[in-house]
Every structure is written in C-alpha cells, then in structure tokens.
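As a plain string of letters, each chain reads:
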Amino acid sequence: MKLEIGLFGNPNCGKTTLFNELTGGNRSVGNWTGTTVTLDIGHFHYKKQAIDLVDIPGIYSLFTHTPEQLTGCEYLLNYHPDVLLNVVDSTNLERNLYLTTQLIESGIPVVVALNMHDAMQEQGLFVDAKKLSELLGAPCVKISAAKGYGIEKLLETIMAVVKNPSLCDSDRIVNQFSPEIREKLEQIVAQIDDESVPEHIDRHWVGIQMMKEHWQGELPEELRGQGDAWETAISEERYRIIGQIVDQVIKVSPLIRRRQLSEKIDAVVCNRYLALPIFCLVMFLIFYLAFGPLGNALNNAFEYLFNDLIAGWVSAGLTAAGAGPFLSGLIIDGIIGGVGAVMVFLPQLAILFLCLALLEFSGYMARAAFITDKLLSKFGLSGMSFIPMILGFGCSVPAIMACRALDNKKERLLTMMIIPFFSCSARMPVYAVFAAAFFADMQYLVIFSLYLLGILVALLTSVILRPKIMQKEKPVFLMEMPPYRKPVWHCIWSSVWVRVWDFISRAGTIILLASVVVWLLSNVNISFQMVGTDASILSSIGKFIAPIFSPMGFGFWQIAVALITGFMAKEAVISTLGVLYASAAVPLSAVLTSLISPASAFALMVFVLLYTPCVATLTAMRRESGSAKYTLFMMLYQLGVAWLVSFIIYHLINLFI
Amino acid sequence: MNINDMKPDETAYITSLDSLDQKTAKKLRDLGMTTGQHIKFIQRAPLGDPVWVELRGYQLAFSAKIAGAISVELQRGGESS
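Residues numbered from 1 in each chain as written. Chains lettered and ligands numbered in written order. Predicted model: local features only at pLDDT ≥ 70, side-chain atom pairs only at ≥ 80, totals over all residues. Heavy atoms only, no water.

Draft legend 1. Main features of the interface of chain B and chain A. The interface of chain B with chain A comprises 30 residues on the first partner and 38 residues on the second. For the chain B and chain A pair, buried surface summed over both sides reaches about 3,200 Å², with 60% attributable to carbon and sulfur atoms. One can count 1 salt bridge joining chain B with chain A. One salt bridge connects Glu94(A) with Arg56(B), and the closest N-O pair in it is separated by 2.7 Å. Put simply, the parts of the chain that give the side of chain B that touches chain A at least two residues each are α1 (22-30), β2 (38-44), β3 (51-55), β4 (58-62) and α2 (64-67) of chain B. When grouped by side-chain class, the residues that make up the side of chain B that touches chain A number 13 nonpolar, 8 polar and 9 charged. Looking at chain direction, strand β10 (residues 478-480) of chain A and β4(B) are connected through 3 bridges and run antiparallel. Residue pairing across strands places Glu480(A) opposite Leu60(B), the latter belonging to β4(B). (Contact = heavy atoms within 4.5 Å. Buried area = accessible area lost by both parts, 1.4 Å probe. Salt bridge = Lys/Arg side-chain N within 4 Å of Asp/Glu carboxyl O. Helix = DSSP H or I, 4+ residues; strand = E, 2+ residues; numbered from the N terminus. Nonpolar A, V, L, I, M, F, W, Y, C, P; charged D, E, K, R; others polar. Pairing = 2+ DSSP bridges.)

Written as structure tokens, this is what we have:
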C-alpha cells in the first residue's frame, strides 16, 4: 500500500526545502479533480514503504477564500491522506501554529515538523517539543530542512503515527475553547447531516466551517447570519489558546535579541533615502551579470562548443560513414543548427535564474515589493504584483503561477495579462543574435531598451485595462516580511536546476522537433521531392503571411515562418532562422545584415518581445485565470500591440536616424 | 488613533478592526492581528506607503489604507510585546 502524506505549511516556512529534501526532486504534477489548481506530488521510499508527498501551496489558514486556501480545504475533504505533515517555522511559532490547530481539528493525524531549529538556536530560543506535542495533541519533531537535521526522526514519527493514529488527538485544541464557544459549536455539530460530510473528517472541524455562507442553508434559523461574528470569535479564541501554549513551550535566552542582523540590513536596504537607489542597483547588477562581460564570455564558449566543435565532429563522422546530403543536411543544418542556436544561451539564462532564486530565497523580493508598491499603485497595480512581474523575466509560466499569491481575483487577472510583456528568457536568444549582428557597438543598450520597452508596455496595458477589469476596486498590499536568510546553496541549486533543465529539455524536444520539421518542410515541395528552399512547402506558407510584416521591412517568408514557430517557444524564432538561412559557409548574422536594415531588425525584436506568448504561457493563463475569453483576448491584444508598436518604432527610427 | 499615526519603534495594542471590510479583517485576524494584540511600528516605505509592523514575533507590511482603518492605543514605555 502506498502511503499518502499531505504537506501543509505557511508561506516562507521552508516547506519547499523539506519537500526537496525528502523527495530528492523526484516529483510529478497531479491534476486533482475538484481542485482548480495542479499540485506537485513527490515520490520517495522510506524503509521499503512507497510514499507520495502532496505539496499543498503555502497558506496561513484553511478557512478563507483565496484559491490556495480552497485547495487545502478541498484536498482534506475529497482525498484520504494517511497523515498530514505540517511544516512550522519555529522562529515564528505563534502565527504558524494557527494553521496547525486547524489541521489537527480535521481529524486526520498530523505530524508537526518544527523547522529552522538551527536558526532558532542562533536567536537564543529554545522550544520544548515534547511539551508542545502534548499540548497540541500531535507529535512535534525538531528539524532543519536546509541542513538535513532531524529528517530521520521525522520519518520515524510519521510511520509511528500511521501504525498508531491514537498518538494524535484531534480534540485537544477544541477542548480548550471557551465554554460559550464550545456550547455553540456542539449546537451546530448536532445539525450536521452525516451524509454530506466525508467519514474521515472530524465533525467539529466541519462545525467551525459551517457558519460560512455556503453552509448557512443547513443551519437552524437562530444560527444564521452570524458567520462574521463567529469567525472573529474563533480566530481570537484560537490565538488565545496558542498564546498560552507558546508561553509554556518557548524559553528565551535574554542575552540575544531576535532578528538583530536582519534589522541591521533593513536599516540600510529599506532606508528612506537609500532604498530606491539600492533597488535600482540590484536590478542593474542582475542584468549586468547575465548580459554583461561574464555572460557574454560564457555564451561565446558555448557557441564555440556547438557550432565549431560538435558540428565539426558530427560532420566529419557523417562523411566517414558515407552519409548522403539529405541526412547530413538534416543533422548538421537541421538539428545542430536549430538546437545549437538556442543552447548557446544556456549560461546566460542560468545566471539569470540564479539571481532570481537568490532574490527569492534571501528575502529581498518581499522588500522590493514593499519599496515598489507605491510606484506600482500609480499604474493600478500593487507591490503584490511585483514578484510575479520580476519572475516574468525568467519565464512567464511560473510568473503566472506566482499570481496565486494575489488574493484579489481582479488584480490577479490584471497581473496575468501584463506578465507576458516582461521579456522572458526565451526571447533573449533572439535579441542577442540580432543585437550582435546589427548593433555590435551598443548591444547592451539595445537589449536593455527592449527590456524597458516591455516594462513600459506592461504598465501602459495595466493603465488601459484596469478600469475595465478592476472597475473601482483599488488593490491593497498585505505581505509578510520574512527575515533575511542565508542562502542555502543546495536549495538554490535545485531551484536553478529545475529551470535550466526545463530549458534543456525544451531544446531537446520542442526546438528539436520544430527544427527538423522546418528543415524538412523547407527542403521538399508538395510532392515530397527535395527542392531548393524557394520552392518548398514552407516558403508557400511564409509568402502568404509575409506581407503583414512588409511595412516594417522584414516581410520575408523565412522570417514569417520563424515567427510562427516562435509561437511554440520564442527561442524557436532563432532556431528556425538558423535552419532556413545559415549554412556552414555563411553565418546567420551575415545573411541577416545583408537582408534587412538595422531599423527593421530593431522593429523585429520589438515584435518578438511583444507578440502573442508561447503555447505554454497561454495554457498556464487559461488554467490560472479559468477564463478562455480573457486568454483569447490577451492573445489578440498582444498580437495587435506587437504589430502596432513595431510599426511605430520602425517609422520613428527611420524618421530620426 | 490608528496605525498611520504611529512612529517607528512605538508600541500599541489593537482596539478595533471594525472599520475594515470583512474580508480584509478576516485575513488580518488569521495573521494574528486580533483585538488586544500588541504591535510595534517598524517603518513606512520610502514613498510613504505601505507600512511595516511587527507582531507575534514576525513582521508584516500592509497598505496605509488598511493601517488607517485599524484603531490602536499607544502603550506607555514603548516596550515590545
């Protein structure tokens, strides 16, 4: 029998770190019926027992209306996890235990992992885990997920609870509620229709929930319409009990003040006068590291590796094996030309992903959101949108997922609509090739201006669409400011690796397939005879679309085809151009410069920046917004904006330069 | 007075969340902002909004609009809870 564990915890409690520590990154994505979002499931073995670990998004409470919190509730009601594993930040015990108490009441056995045990000791705090286990009615184990401390004991405890669920007591907390609340709770519990509630869920847990609107119909007259007062009373009662528990289990060493270092850093980083300059410096530094001399040098090394070394070896090998022109053309120009054109950018992307991971893990991202909130409010957004926006520079898909942290549905939608304008890493190969070919003296300036243009269009879009989407609602900011944390390298590495691997596997699948298809279609005609590219199937398709781009001076069928393949993945624009234009004798850049003017090249980059995002982004948008209408609208809007802005910029450049 | 009237390092206790809409009040209560709870004012953002406070051993930032709707009473001595 497989064991199923539901992994719960507040945001910033180290849940993801523990997930990776336990599963070693072995995960799959599960689509749960009844839930609106997909959940990660990790797989691992402990003492020959197969275990599925279901990662529930970070939440502060089970009983509210944001999408993550609904997921938590739905998961408890509709599935039968054997145990709930609740990760708790020990340095922030009081607030973390709020969720713990709700989980314990559910009636499903809970094991509490008291995480960040090491950080707690540094702060001079001591927690009595044995006493806490007793008071909560759930076993607590001290761990440090980042350092791998206490994991063995945690797993042992979980297995013990599976064997003997009576180690947990779901009533321990409820029994401490005040007599008035308990009396009322019993009154409500008596009204519960047993048919409507799954057997594994404790009736008290349901009773606490029943005062919410959608249950109201089942309640007797005298209890209806008191939901808000009831929720307030329960919240305050919960915190009162937790306060008493924490007082009994935490011992403070009086000599060391908490968060000392974190506060010192914030005194500088969030200083009234220094905050904005430091923020700009951090952003510039990331850009400079990825696209400056370091990134460029690595990029050249990879280019040499793919285009000279590997292509050379393979070509020599093919000749030795006596391969015909069709096969060697397919492999050298099709596969290596296409995939290689994209792969050379891997080092630069890895640097970018590393910087984003550092921002996220260190705690600076929350400060950046805090600092930029007021600025973003001028554009109808809030600082809450900042994190998804900045993640958009890496990849739009995780950025759109990160919008779940915004609990205002309309603000979430608005943020999702503008994210694709933040230039994702897949677009970078396109800029790099064109900037190097056309603007060798000012590559950085050109690439930087594209990133800025993306931000500008995103903000303008927000201003334009906000009145329609948000109506009169104003976004509000509400965010936890976690203390700064020392980067834990293996966590950062695994986060970077997931994204780097995603890029590599895309190069090996979508890009590879697109390159082969493009090469084949560009070398055969409708009767499947091998012909020159001008007579190929692809050229007929391209020639049909190309006139749309004539006003910007890049109305060539090869470019039109490249843009179509860019719909699969934006970096495919370059791999396709590589297949269609480049040959061993003439590099892509030489072909391009002989074909179009610098103004056209810039307009083309602008078009690639702004036009309809890739299929993966649209799919994520469709799933997360739950609206096909908005997804379609966004697709068309971006196509229109891309053409229009590209057109305007092309003519502006021609006018002034 | 409300949270917007507080200065850095001042400590106060929450007297009421009633001026907030139900949804926001509920969210804040889940985060530990219950009546009677002590909070310490850390700072305002460089551009004046949002505000940053400490409570129950952790720190939270929220819009000045929310801060203005939370009534507090200053605590003498200004010591942190």
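Draft legend 2. Representation of the confidence of the model for chain A in the model. On average, chain A scores 86 in pLDDT, and the residues at 70 or more come to 92%. Ranking the helices and strands of chain A by mean pLDDT puts strand β8 (residues 140-142) of chain A first, with 97, and strand β2 (residues 27-31) of chain A last, with 59. (pLDDT = per-residue confidence, 0-100.)

Draft legend 3. Quick look at the pattern of salt bridges. Residue and element names in this part refer to chain A. The final tally for this structure, using the stated rule, is 11 salt bridges over all chains. Where Asp89 meets Arg485, a salt bridge forms, and the shortest distance between an N and an O atom there is 3.2 Å. Of the two residues, Asp89 sits in strand β5 (residues 83-89) while Arg485 sits in the loop between β10 and α21 (489-523), which places them 396 residues apart along the sequence. Asp89 gets classed as buried once you look at its relative accessible area, which sits at 4%. Taking the shortest distance from any N to any O, the salt bridge between Asp118 and Lys147 comes out at 3.2 Å. Separated by 29 residues along the polypeptide, Asp118 in helix α4 (residues 117-122) and Lys147 in the loop between β8 and α6 (151-163) bring together distant segments of the chain. (Buried < 20%, exposed > 50% of the residue type's maximum accessible area, 1.4 Å probe, protein only.)

Draft legend 4. Structural context of the packing of aromatic side chains. Residue and element names in this part refer to chain A. For the structure on display, the rule yields 22 aromatic pairs over all chains. Ring centres 6.1 Å apart and planes at 75 degrees place the aromatic pair Tyr431 and Tyr451 in the edge-to-face group. Of this pair, Tyr431 sits in helix α19 (residues 428-438) while Tyr451 sits in helix α20 (residues 443-470); the two residues are 20 residues apart in sequence, bridging distant segments of the chain. On the accessibility criterion, Tyr431 (0% relative accessible area) is buried. Through pairs of rings, three or more aromatic residues link up here, namely Phe393, Phe422, Tyr431 and Tyr451. Directly above the aromatic system of Tyr484 lies the positively charged group of Arg367, at a separation of 4.1 Å from the ring centroid. In this structure, Lys629 packs its charged tip against the face of Tyr630, placed 5.5 Å from the ring centre. (Phe/Tyr/Trp six-rings, centres within 6.5 Å; stacked < 30°, edge-to-face > 60°. Lys NZ or Arg CZ within 6 Å of the ring centre and 35° of its normal.)

Draft legend 5. Representation of the nonpolar core. Residue and element names in this part refer to chain A. Counting residues in each nonpolar core, the largest one holds 127 residues, and the members touching the most others are Phe386, Phe434, Phe554, Leu563, Leu577 and Leu610. When neighbours within four sequence positions are excluded, Phe554 is seen to be in contact with Phe549, Ile559, Leu563, Ile596, Ser600, Ala603, Leu604, Phe607 and Ser646. Within the second largest apolar cluster, 55 residues are counted, among which are Ile41, Leu76, Leu135 and Trp205. (Core = buried A, V, L, I, M, F, W, Y, C linked by side-chain atoms within 4.5 Å.)

Draft legend 6. Quick peek at the pairing of strand β4 (residues 49-55) of chain A. Residue and element names in this part refer to chain A. Counting buried positions along β4 yields 7 of 7 residues, so the element is predominantly enclosed. Residues Gln49, Ile51, Leu53 and Asp55 line one face of β4 and the alternating positions Ala50, Asp52 and Val54 line the opposite face, and both faces are buried. Here strand β1 (residues 3-9) runs beside β4; their pairing, made up of 5 bridges, is parallel. Residue pairing in the sheet places Gly6 in a bridge with Val54 of β4.

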